[in-house]
Each structure stands twice: as C-alpha cells, then as structure tokens.
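The residues making up each chain are set out below.
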Amino acid sequence: MAVDFSKLLSKPLDEIKKPPAWPAGTYLGMIARFEFGDNNKNKTPYARLHVKVTAPGPGLEESELDGIDFTKGREFRKDFYLTDDADWRLKNFIESCSIPTQGRTFAETVPELVGAQVQLEVVQQNSQQNAEELVNFAGEVKGIQ
C-alpha cells in the first residue's frame, strides 16, 4: 500500500500534541517482530525484539493511563546483546516463553518468539537531550506462561 503523503502533510500543525509519557509499570504485550544487528557505537551484536503493548498490567491505576490509547499498538524495543557474557539473558527469556532450547540455537529459537505473549516493564526517565522531558524505554521482559 502506497503512503498518502498529501494526507500526512496536510495536518494542521495547531492540532499536533506530544503524547504523554507512559507511567512506569508492567504492561502486557506480544513480540511483534525481531531483527539482528549491532550497536552503532561499540558494534556489539544484538537480537532486537519489538514488543507491541496490548494492555496495562497489574498495579496500574486507570487514572494513570488517561490519554493512553492501547489500540494504536505502541511498540517498545528490547535488545539482548549476543556476547559470551550476556547470551544467558536471551536464553532465559526464550525459555520464559516456553520455547525449548535444548540442542537448539538462537537462529532457530528467536523466530519462534514472534507472537509470544509477554509482560514488559516500562521505565520512565528524563530525556538525555532535555532533562525536563520524560521518556519511556523497555526494562525487563518475560514470557507469560
């Protein structure tokens, strides 16, 4: 499907507002896709998981979620570094999603994560560019069994 730039470029700028930062807490979601790459700065290889948030998790109050639309499918990235010292983290995550790892490789198991139901910790912190602006990033993630 082609992008309709005429529609995108005709938005009145007066109506554009920055979405609110999400409150820190646990959310429910699913692994939407993955990619392999390396960190631009240090060239550290990683498996990047894109977690699509579907609902608030336990402990979040409805009043905290005002203005957050879960139907828009916001995604958070979670990187697992592929190094000897960090490989165990990705292995543990794969196992938390009930995917067998015995005798298998990351190349075989990571694609099976797509569609897995997960709990995602969303962390809130000040932006590195603007100390007064709050931003979100993915914290811990684990499978829901």
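Everything below is about the structure shown above.
Just so you know, the residues in each chain are numbered from 1, in the order the chain's sequence is written. pLDDT decides what is reported in this predicted model: residues at 70 or higher carry local features, side-chain atom pairs at 80 or more are listed and counted, and totals for whole chains, interfaces and linings draw on all residues regardless. Heavy atoms from the whole structure form the basis of all side-chain values; hydrogens and water molecules are not counted.

Caption draft 1: Broad picture of the overall build of the chain. The helix and strand labels rest on DSSP assignments: H or I over at least four residues marks a helix, E over at least two residues marks a strand, and numbering proceeds from the N terminus. Of regular secondary structure, the chain possesses three helices and five strands. Sequence-ordered secondary structure for the chain, helices as α and strands as β, is α-β-β-β-α-α-β-β. Categorising residues by exposure relies on relative accessible area from a 1.4 Å probe, with only protein chains included: less than 20% of the type maximum marks a residue as buried, more than 50% marks it as exposed, and the intermediate range marks it as partly exposed. Relative to its full complement of 145 residues, the chain shows a buried share of 30%. Two residues form a contact once any of their heavy atoms are found within 4.5 Å. Excluding contacts between residues fewer than 6 apart, the proportion of contacts in the chain whose partners are at least 24 apart in sequence is 60%. Per-residue accessibility takes into account occlusion by the displayed protein chains alone, with areas from the Shrake-Rupley method and a 1.4 Å probe. For the chain, the accessible surface area stands at approximately 9900 Å², while carbon and sulfur atoms represent 50% of it. Note on charges: Lys and Arg go in the positive column, Asp and Glu in the negative column, and His and the chain ends are not counted at all. Each charge is placed at NZ for Lys, CZ for Arg, CG for Asp and CD for Glu. Looking at charge distribution, the chain has the averaged site of its 17 positive side-chain charges lying 3 Å from that of its 22 negative ones.

Caption draft 2: Up close: the pattern of salt bridges. The working definition used for a salt bridge is a side-chain nitrogen of Lys or Arg within 4 Å of a carboxyl oxygen of Asp or Glu. For the structure shown, the criterion picks out seven salt bridges. For D38, the salt bridge goes to K43, with nearest N and O atoms at 3.9 Å. Exposure remark for D38: the relative accessible area of 34% places this residue in the partly exposed category. Classification of K43 as exposed rests on a relative accessible area of 53%. Ionic pairing is found between D79 and R48, a salt bridge with its closest N-O pair at 2.7 Å. Linking D79 in strand 3 (residues 75-81) with R48 in strand 2 (residues 45-56), this pair joins segments that are 31 residues apart in sequence.

Caption draft 3: Representation of helix 2 (residues 87-96). Of all the residues in helix 2, the buried ones are L90, F93, I94 and S96. Down the axis of helix 2, the buried set is contained in an arc of 160°. They therefore lie on one face. Looking at the packing, one finds that the buried side of helix 2 touches strand 1 (25-38), strand 2, strand 3, helix 3 (106-109), strand 4 (117-126) and strand 5 (134-143). Arc definition: directions from the helix axis to the C-beta atoms.

Caption draft 4: Looking closely at the packing of aromatic side chains. Under the pairing criterion, centres of Phe, Tyr and Trp rings, with the six-membered ring standing for Trp, must be within 6.5 Å; the plane angle then separates stacked pairs below 30 degrees from edge-to-face pairs above 60, leaving the rest tilted. Scanning the model with the defined rule gives six aromatic pairs in all. Here the aromatic rings of F80 and F93 are separated by 5.4 Å at their centres, their planes lie at 25°, and the arrangement is stacked. You can see F80 sitting in strand 3 and its partner F93 sitting in helix 2, a full 13 residues away along the chain. The exposure class assigned to F80 is buried, which follows from its relative accessible area of 8%. For F93, a relative accessible area of 3% puts it in the buried group. Chaining the aromatic ring pairs together yields one cluster made of W22, Y27, F70 and F76.

Caption draft 5: Focus on the pairing of strand 3. Only one face of strand 3 is covered, namely the face carrying F76, K78 and F80; the face carrying E75, R77, D79 and Y81 is uncovered. DSSP calls a pair of strands paired once it identifies at least 2 bridges connecting them. Pairing geometry for strand 2 and strand 3, over seven bridges, is antiparallel. Note on strand 3: the bridge partner recorded for Y46 is Y81.

Caption draft 6: Broad picture of the environment of K142. Mapping K142 onto the fold places it in strand 5. Judged by relative accessible area, K142 falls into the partly exposed class, the value being 47%. The sequence separation of K142 and P100 amounts to 42 residues, and the corresponding C-alpha distance is 15 Å. Residue contacts for K142: discarding those within four places in its chain leaves F93, S96, V118 and Q119.

Spatial relationships are all this shows, so hold off on functional conclusions.
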